[in-house]
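# Close look at the chain arrangement
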Amino acid sequence: MNTPAVSIRDLSFAYTGQEQVLDHVDLEIQPGERFGIIGPSGAGKSTLLLHLNGILRGRTGKVEIGGIPVGEESLPEIRRRVGLVFQNPDDQLFNPTVEEDVAFGPLNMGLSSEETVGRVEKALGAMNLEGFEKLSSHHLSLGERKRVALATVLAMRPDIVAFDEPFSNLNPAMVEQVIGIVSGLKATVIIVSQSIIPVLAVCDRIAVLNEGRIAAVGPVDVIASTG
Amino acid sequence: MQHAFLDRYSDLDSPLHRLDPRVKLVVFTAILLMMVSVPRDEPLTLLLCYPGLAILLALSRVPVSYILRRCLLVTPFVLMAAGVMMLTGETNGRAVAGTGADLRSLAALSIVLKAFAAVIVLSLLTSTERFHRLLEGMRALGLPPLLGVLSAYMYRYAFILSEEVMRTSRARLSRTPGPLRTGRIRTYGNQAAMIFIRSWERSQTVYNAMCSRGFTGEFPPTSDLRSSDLRSSDLRSRRGDLRSSDLVFALIVPATFLAVRLWG
Ligand SMILES: Nc1ncnc2c1ncn2[C@@H]1O[C@H](COP(=O)(O)OP(=O)(O)O)[C@@H](O)[C@H]1O
Ligand SMILES: [Mg+2]
């Protein structure tokens, strides 16, 4: 039997002093799958994503990435395997230049500068950002910043790329562009989104999250037809 | 979203913009040090430095209104510091000949003049050079990499803060048409609270994003990256390659301020 890319079992979580945000969540995502998680605002989607690489850890339940339980000792390995792309690229870009932002992850992984330089080049190339190395990202357009943010994640060569609301605040042309980019990725892809239509266009399977509970899981056509 | 770039006038063309970033770093730091070190009972010396700042500002072509707005931002804090000085500063009861001012008022005035000078000098520095070029300059001058990284993070957080200010200002303006009157002070209070909470939340998200990419509290050695052949920064490879205009500026401007400082 295949080891799932992501396995979440009976995960519950509450922010300190607040009510339950995730309520006994069970989920299994297979390697190479494009998996969508949809649900209304406040359903707990972003909170769930932050559990995938141990930024948040539930008091009960278990999260495994490629068979490795997420825990204190496994964090470096987990963060290498799971790349999170945040909703707002400006949260992800904080270095003075594009190349330093893209190099941040590989350097944290302890790679040599030669290897890092190679990865920066490849990641920027994959996002059509050749020649952007020395620019500062806050001078770029939103579309370009989104691609730089994805490049910072791709440079770590993650097995899983998880996107938080990749389609929010985008015009239709940019939604098309993001769909194209996401479809081209070789990694396992997880997309969390309030906008259902682009998720239907990209994903193989979808889970519906509502008030912290998985309300339905299934192939795109089944979920789409049941509404 | 339109950013309120700290270095938003850094693409202008002026004699100051054309100078080497290393020269600007050294000269502006020197001016700052000279002004800050003026004894606090000599506000007149500080006042004499202001024409020098005005000339630099004029040379830079950075809009005066922009610099004034930056000064306005710090005014409440400056006045508060000056007020504290007026109330609690030491008094020798010594009256300065001809002015009748006591030491407390002189010290308070000095604080105000120094604070605005610092804002003007730093605004000029960041408005006449792209921020990452200043960082390269700092590295080329041999300053520790950590200092550069810390400046970059402070710069980053300044952005977050200014974005929140713009966001909440727009939200407030869209709800309160017309000029704001004192009766709407509460709106300002709410805005300040919102800005604080949102900035805090966003810095949390930025921190999460950093951790997601393997950050464990230690900044990766980007300096190693820089020194490798492939990416030696253009400044490093041009070390010593200053133009005559750079040298003239580096000599004349600090010398002028030093003269005012010593004999003003
Ligand atoms: N850092 C936090 N501290 C406290 N409560 C939070 C925090 N982040 C989110 N929440 C709350 O958790 C719930 C789920 O939020 P979130 O995961 O962001 O939902 P979604 O991404 O589906 O919109 C919301 O009620 C939100 O107010
Ligand atoms: Mg969310």
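Just above sits the structure.
So, a few notes on the structure that sits alongside this text. (Residues numbered from 1 in each chain as written. Chains lettered and ligands numbered in written order. Predicted model: local features only at pLDDT ≥ 70, side-chain atom pairs only at ≥ 80, totals over all residues.)

### Regarding the packing of helix H2 (residues 21-36) of chain B against helix H11 (residues 244-263) of chain B
Residues and elements named next belong to chain B. It is at 10 Å that the axes of H2 and H11 come closest, and there the two elements cross at 0°. By the angle between their axes, H2 is roughly parallel relative to H11. The segment H2 lies against H11, with Val23, Val26, Val27, Ala30, Ile31 and Met34 engaging Asp246, Phe249, Ala250, Val253, Pro254, Phe257, Leu258 and Arg261. Per-class residue counts for the contact of H2 with H11 are twelve nonpolar, no polar and two charged. (Axes fitted to C-alpha atoms, helices over the stretch in contact; angles between N-to-C directions. Helix = DSSP H or I, 4+ residues; strand = E, 2+ residues; numbered from the N terminus. Parallel < 35°, antiparallel > 145°, perpendicular 65-115°, else oblique. Contact = placed C-beta atoms within 7 Å. Nonpolar A, V, L, I, M, F, W, Y, C, P; charged D, E, K, R; others polar.)

### Concerning the sheet that holds strand S10 (residues 213-219) of chain A
Residues and elements named next belong to chain A. Pairing is mixed across the open sheet formed by six strands, whose spatial order is S6-S7-S8-S3-S9-S10. Because the sheet does not close on itself, it has two edges, and the strands there are strand S6 (82-85) and S10. Neighbour to neighbour, the strand axes of the sheet diverge by 15° on average, direction disregarded. (Pairing = 2+ DSSP bridges.)

### Some details on the site of ligand 1
Neighbouring residues of ligand 1: Tyr15, Gln18, Val21, Gly39, Ser41, Gly42, Ala43, Gly44, Lys45, Ser46 and Thr47 of chain A. Looking at the shell around ligand 1, its residues break down into three nonpolar, seven polar and one charged. (Near = placed C-beta within 6 Å.)

### Re the pairing of strand S3 (residues 34-38) of chain A
Residues and elements named next belong to chain A. Extensive coverage of S3 is indicated by the burial of five of its five residues. Burial along S3 is two-sided: the residues Arg34, Gly36 and Ile38 and Phe35 and Ile37 are all buried. Summarising the sheet, S3 and strand S9 (residues 205-210) pair through four bridges and their orientation is parallel. Residue pairing across strands places Phe35 opposite Arg205, the latter belonging to S9. (Buried ≥ 20, exposed ≤ 12 C-beta atoms within 10 Å, placed from the backbone.)

### Comments concerning unusual backbone geometry
All names here are of chain A. Residue Asp10 is not a glycine yet carries a positive backbone phi of 50°. In this structure, Asp10 sits in strand S1 (residues 6-13). Unusually for a residue other than glycine, Asn169 sits at a positive phi of about 60°. Take Asn169: it is sitting in the loop between strand S7 (160-164) and helix H7 (172-184).

### Quick word on helix H4 (residues 64-88) of chain B
All names here are of chain B. With 25 residues, H4 extends 34 Å between its outermost C-alpha atoms, agreeing within 8% with the 36 Å of an ideal straight helix rising 1.5 Å per residue. Within H4, the axis deviates most sharply at Thr75, by approximately 45°, and proline Pro76 lies no more than four positions further along. Buried residues of H4: Ile67, Ala82 and Met85, and no others. On its buried face, H4 is in contact with helix H3 (43-60) and helix H5 (103-127). (Expected span 1.5 Å × (residues − 1). Bend = angle between axes of the 7 residues up to and from the residue.)

### Remarks on the sheet that holds strand S4 (residues 60-65) of chain A
All names here are of chain A. Across the sheet, which stays open at both edges, the four strands sit in the order S2-S1-S4-S5 with antiparallel pairing between neighbours. Each edge of the sheet is formed by a strand with only one pairing partner; in this case those strands are strand S2 (22-29) and strand S5 (68-69). When S1 meets S4, the two strands line up antiparallel, connected through five bridges. Directly across from Val6, in S4, lies its bridge partner Ile65. Across the sheet, helix H1 (residues 45-52) is in contact with S1, S2 and S4; its angle to S1 comes to roughly 125°.

### Side note on the nonpolar core
Counting 70 residues, the largest nonpolar core has Val85, Ala151, Ile160, Ala162, Ile190 and Ile191 of chain A as its most contacted members. With six residues, helix H6 (residues 142-154) of chain A is the largest single contributor of residues to this core. Residues within four places of Val85 of chain A in sequence aside, it is in contact with Ala149, Leu150, Val153, Val161, Ala162, Phe163, Asp164 and Pro166 of chain A. Grouped together as the second largest cluster of nonpolar side chains are 31 residues, Ile31, Leu56, Leu109 and Ile111 of chain B included. (Core = buried A, V, L, I, M, F, W, Y, C linked by C-beta atoms within 7 Å.)

Functional significance is not addressed by these values, which are geometric in nature.
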